[in-house]
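Secondary and tertiary structure notes
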Amino acid sequence: MTDFAADAALAKKGDAAAFARLYAKIYEDLYRIARYSLRNREDACDAVSDAVLEAFCNIGKLRDEKAFRSWMMRILSAQIRRRQREYYRAPSVLEETIGEDFDFRHTELREALAGLSSEDRLLLSLSVLGGYTGKELAEVSGMREGTVRSRLSRIREKLRLALEE
């Protein structure tokens, strides 16, 4: 895992170049998670942009420089949830847009993913695409670590059952 502490400490002191280095280390993960969760390229770009702007404006509130990545993901998660409430998209949009970035070979997988709630898709994307551990997901989501693990297990089981039908 990348060490963010030195650049985060500099960014807290107002060093914009240090913040830019932090962003450069995680921008692909931010976009990938937003894209998967929101199912739309433009909304994902907007969510990432708003999250980065919010983080830049509030970097002084970061308590633990080592936790920059988790802090940034919490901000992005809030932006994603906000957009999901504002811009709900029908499942048919998933079929049109998600194929642009992801190579799903089976319609069944697309349908199974579309059947997940937006919160479940976000949690799954942070776990699978973002590579977060149960402990990190607990920090990002505000849930207990055991709750995160059991929800991920239920999500995977739901996908498995949907794919077996």
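Residues numbered from 1 in each chain as written. Predicted model: local features only at pLDDT ≥ 70, side-chain atom pairs only at ≥ 80, totals over all residues. Heavy atoms only, no water.

1. Some words on the packing of helix H7 (residues 118–128) against helix H9 (residues 145–164)
- Contact pair H7 / H9: the axes reach a minimum separation of 10 Å and the direction vectors enclose 105 degrees. Overall, the two elements H7 and H9 adopt an arrangement that is roughly perpendicular. When H7 is examined against H9, the residues Glu119, Asp120, Leu123, Leu124 and Ser127 are found in contact with a partner set consisting of Val148, Arg151, Leu152, Ile155, Arg156 and Leu159.
- When the residues that make up the contact of H7 with H9 are grouped by side-chain class, the tally is six nonpolar, one polar and four charged. (Axes fitted to C-alpha atoms, helices over the stretch in contact; angles between N-to-C directions. Helix = DSSP H or I, 4+ residues; strand = E, 2+ residues; numbered from the N terminus. Parallel < 35°, antiparallel > 145°, perpendicular 65-115°, else oblique. Contact = heavy atoms within 4.5 Å. Nonpolar A, V, L, I, M, F, W, Y, C, P; charged D, E, K, R; others polar.)

2. A few points about the nonpolar core
- Leu30, Ile33, Phe68, Met72, Met73, Leu76 and Leu126 are the most contacted members of the largest nonpolar core, which has 42 residues in total.
- Every element with two or more residues in this core is listed here: helix H1 (5–12), helix H2 (16–38), helix H3 (41–58), helix H4 (68–86), helix H6 (107–114), H7, helix H8 (134–141) and H9.
- With nine residues, the single largest contributor to this core is H2.
- The contact partners of Met73, leaving out residues within four places of it in the chain, are Asp29, Leu30, Ile33, Leu126, Tyr132 and Val140. (Core = buried A, V, L, I, M, F, W, Y, C linked by side-chain atoms within 4.5 Å. Buried < 20%, exposed > 50% of the residue type's maximum accessible area, 1.4 Å probe, protein only.)

3. Some details on the packing of aromatic side chains
- Evaluation of the coordinates by the stated rule reveals five aromatic pairs.
- Seen in terms of ring centroids, Phe4 and Phe68 are 5.7 Å apart; in terms of plane orientation they differ by 45 degrees. Their pairing is tilted. Of this pair, Phe4 sits in the segment before H1 while Phe68 sits in helix H4, and the two are 64 residues apart along the sequence. A single burial state applies to Phe4 and to Phe68, both of which are buried.
- Seen from their ring centres, Phe19 and Phe68 are 6.2 Å apart, and the 90 degrees between their planes marks the pair as edge-to-face. (Phe/Tyr/Trp six-rings, centres within 6.5 Å; stacked < 30°, edge-to-face > 60°.)

4. Quick look at the confidence of the model for the protein chain
- Chain-level statistics for the protein chain give a pLDDT mean of 83 and a share of 85% at 70 or above.
- The low-confidence segment residues 89–99 (pLDDT under 50) makes 18 contacts with residues lying over four places distant or belonging to another chain. (pLDDT = per-residue confidence, 0-100.)

5. Brief notes about the side chain of Arg151
- By the element assignment, Arg151 lies in helix H9.
- Classification of Arg151 by relative accessible area gives buried; the value is 17%.
- If sequence neighbours within four positions are ignored, Arg151 has contacts with Glu119, Asp120, Leu123 and Met143.

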